[in-house]
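Examination of the molecular architecture
Take a look at the letters that make up each chain.
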Amino acid sequence: MADQYAHSGEDSRPTEVPAIRWDEPPEGPVLVLLDQTRLPAEEVELVCTDASALVEAIRSLAVRGAPLLGIAGAYGVALAAARGFDVDAAAESLAGARPTAVNLALGVRRAQGAYRGELTRSGSVQAAAGAALAAARELHAEDAEASARMAGRGLALLDELLPGGGHRVLTHCNTGALVSGGEGTAFAVALAAHRAGRLRRLWVDETRPLLQGARLTAYEAARSGMAYTLLADNAAGSLFAAGEVDAVLIGADRIAADGSVANKVGSYPLAVLARYHHVPFIVVAPLTTVDLATPDGASVEVEQRPGFEVTEIAAPSAAGAAGEAGGGVPVAPLGTQAYNPAFDVTPPELVTAIVTEEGTVSPVTAEALAELCGGSRRMSRS
């Protein structure tokens, strides 16, 4: 069913413009971002010369996705240090730019810690700035490696749960190279299945209200030559009912200690559908996304975004696409109030497995997560 509506990407090139890069032109170091609010219409780079510009880019979703936010936060601290700004003030503003994604604060603190440590040791501001940049680059490289390892573990799990290949995978939001130092999280697993000849179909939720699936996942799938089909979020139930979904693969912005998963709003309904239809619901995220300091799903701070994102629709290349109210076409009466949480929380009993670069947890329990995180820390110290 529905294969006649599928799109097989003819352009198999990977994303040519990196999602994030550090540059050092003659006028001073900058952080260069691929502006994701302009995709897929345009590949436009956004140049940040200070932390405040990066904070705005994070809040407007020009740069987004849990792993990439951690990398961006670390580079933002390095940028403040290299340009002689108040590093601690920059770190605080960056860490609070989006509260749900735990990787952002972790990346910020890592670069800030490297800066402070070198400043204490040598007393050199220049050396401390270099240490912050080195920490950011190290995090960037680590995330690329983690992405590759998650892809391998995720594909092995798919093959174990669904022997024989021909996987039909449903995904939500965007979890590819646009959110990672590598090829992504959940999308990287689907891409690995595609390269192995075991992906029959990637079902792409459009992901309202900002259409990250339609604009970004479809963009990445097309460029990778994957067979994919875009659907409205509220059409997912009919796919499950028709038996057209073999597995759900999503990412995560924060995983609580009990295994509750905060991810792009719309993930929880997919988990409910998957459980009812006996379909595996798999979360793919780096271990840095597991936050043992957040005890359970009820303790996750869910970001509330502006109502105009729901009451207006803006084309990706429109002036208002970067987050300015009034930039889109109204689709609701003037004065309409909107409920617009950026994330929802899926309880652990609805999650079949959590795949990380260090291992897979299934069934998902607090004890298993704690053991995985503890083992990872012991390995990193040895």
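Notes on the structure follow. (Residues numbered from 1 in each chain as written. Predicted model: local features only at pLDDT ≥ 70, side-chain atom pairs only at ≥ 80, totals over all residues. Heavy atoms only, no water.)

Comments concerning the side chain of R305
Inspection of the secondary structure puts R305 in the loop between strand 12 (290–291) and helix 10 (308–311). Engagement of the side chain of R305 in a polar contact is seen with the side chain of E309, the distance being 2.8 Å. Contact partners of R305, with chain neighbours within four places excluded, come to R59, L61, R98, L210, N340 and A342. (Helix = DSSP H or I, 4+ residues; strand = E, 2+ residues; numbered from the N terminus. Polar contact = N/O pair within 3.5 Å; in protein donor to acceptor, adjacent residues only side chain to side chain. Contact = heavy atoms within 4.5 Å.)

Here's the deal with the sheet that holds strand 4 (residues 45–48)
The three strands are arranged 2-3-4 in an open sheet whose pairing can be described as antiparallel. At either margin of the open sheet sits one strand with a lone partner, and together these are strand 2 (20–23) and strand 4. Looking at each pair of strands side by side, their axes are set apart by 25° on average, direction ignored. Sheet analysis places strand 3 (residues 30–34) next to strand 4, joined by four bridges and oriented antiparallel. Paired with L34 across the bridge in strand 4 is E45. (Pairing = 2+ DSSP bridges. Axes fitted to C-alpha atoms, helices over the stretch in contact; angles between N-to-C directions.)

Brief notes about the nonpolar core
Nonpolar side chains tend to gather and get buried jointly when the protein is soluble and globular. In terms of nonpolar packing, the biggest core is built from 41 residues, with L31 and L54 touching the most fellow members. By residue number, the principal contributor to this core is helix 2 (residues 66–82), which donates 11 residues. Sequence-distant contacts of L31, defined by excluding residues within four places in its chain, comprise I20, R21, W22, L46, V47, C48, L54, A72, Y75, G76 and L79. Of all hydrophobic cores here, the second largest spans 30 residues; its members include L155, V169, A218 and A247. (Core = buried A, V, L, I, M, F, W, Y, C linked by side-chain atoms within 4.5 Å. Buried < 20%, exposed > 50% of the residue type's maximum accessible area, 1.4 Å probe, protein only.)

A look at the packing of aromatic side chains
Scanning the entire structure with this criterion turns up one aromatic pair. With a centroid separation of 6.0 Å and an interplanar angle of 25°, the aromatic rings of W22 and Y75 are classed as stacked. Here W22, found in strand 2, pairs with Y75, found in helix 2; they are 53 residues apart in sequence, far enough to count as distant. An identical accessibility class is assigned to W22 and Y75; each is buried. (Phe/Tyr/Trp six-rings, centres within 6.5 Å; stacked < 30°, edge-to-face > 60°.)

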